[in-house]
Amino acid sequence: MQIAKTVQDLRLLLDNCTKNIGFVPTMGALHAGHLRLIDVAKSKTELVVCSIFVNPLQFNNADDLAKYPITLEQDIALLTSHGCDILFIPTTEEMYKKKTTLEINFSYQNSVMEGLHRPGHFNGVAVVVSKLFHYVQPKIAFFGQKDLQQCLIISQLVDSLSFPVAIEIVPTVREKDGLAMSSRNVRLSAEARKIAPILYQNLEILAANLQQFITTKNECLKQLTINSSLEVSYIQAIDMHTGLVVENFEKGKKYGLCIAATIDNVRLIDNVITVY
Ligand code: AMP
């Protein structure tokens, strides 16, 4: 695997490349979820580029940014063993040579779920992903279903600004007990780690009871708040076609059931996609 630390180095590696490039943007602290994206990219494209960049612009919480895990040596070993071709690891100075005041506003998506609870987050994601798309020029970019609303805003970004990039969504990789893999899971205390799979369990209950969504959601919220160390931000259903939050469902249509909760100061999100 070749490693580029600057945009110039990356372009030197890619400028004469005629292969179809697959791109996996990450913030590092890699786990089996990220590696699944690399494996899928390997199977669908001819040259796989991964980026590791903890993007300050997308953190609305300074403590979350300061505590974000960094495991670069281990990440390099994992990417090498999964056949990643190029790793791009820019510094913050490299990515933001000039301070940008540009704001990308996703209107409706900014008013629901992560958009509502993490002001500025999607703007930060959109700015960094746009820059990375320009630097890497991938044919296909791979994103995890785990960040479902992020997948929606990236698709909106690509459509609205006509990026010549196809977006591929890869299903969530989970621990044996159902907890969605996340770089933030290492920050969970032993006690919080035991509680955390309850998020996925409740999503499964909701998926099985979509015909009584409101009642089931209220029961889930009641059950979840029995744990004093757990605070639910939201439970919402979105129409996968329109991206709108809904409470009524139509037969045969696809819905994303999404949850966000903080356990012992660690914010976790998860979702399942189901057909009604
Ligand atoms: P992050 O490093 O958290 O920014 O994630 C980088 C990419 O990996 C994003 O597209 C995430 O949605 C994806 N990802 C994170 N966790 C998982 C998981 N458990 N399964 C599949 N993809 C994931």
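Everything here concerns the structure above.
Student: I'd like a rundown of the environment of V170, residues and numbers included.
Tutor: Within the secondary structure, V170 sits in strand β6 (residues 166-170). Taking relative accessible area as the criterion, V170 reaches 4% and is therefore assigned buried. In this structure, the C-alpha to C-alpha distance between V170 and L37, residues 133 residues apart in sequence, is 6.5 Å. Once you skip the residues sitting within four places of it in the chain, V170 turns out to touch R36, L37, V40, F142, F143, G144 and Q145.

Student: Would you mind going over the site of the ligand in detail, with residue names and values included?
Tutor: Near the ligand there are 17 residues, and of these M27, G144, D147, V173 and M181 occur at the shortest range. Between M27 and the ligand, the recorded distance is 2.9 Å, taken from a backbone N or O atom to an oxygen atom. Between M181 and the ligand, the recorded distance is 2.8 Å, taken from a backbone N or O atom to a nitrogen atom. Looking at the shell around the ligand, the elements with two or more residues in it are β2 (21-26), α2 (32-44) and β5 (140-144). Tallying contributions element by element places α2 first for the shell around the ligand, with three residues. In terms of residue class, the shell around the ligand is made up of eight nonpolar, seven polar and two charged.

Conventions used here
- Residues numbered from 1 in each chain as written.
- Predicted model: local features only at pLDDT ≥ 70, side-chain atom pairs only at ≥ 80, totals over all residues.
- Heavy atoms only, no water.
- Helix = DSSP H or I, 4+ residues; strand = E, 2+ residues; numbered from the N terminus.
- Buried < 20%, exposed > 50% of the residue type's maximum accessible area, 1.4 Å probe, protein only.
- Contact = heavy atoms within 4.5 Å.
- Near = heavy atom within 4 Å.
- Polar contact = N/O pair within 3.5 Å; in protein donor to acceptor, adjacent residues only side chain to side chain.
- Nonpolar A, V, L, I, M, F, W, Y, C, P; charged D, E, K, R; others polar.

Note that every value here comes from positions in space, so none of it alone points to a role or purpose.
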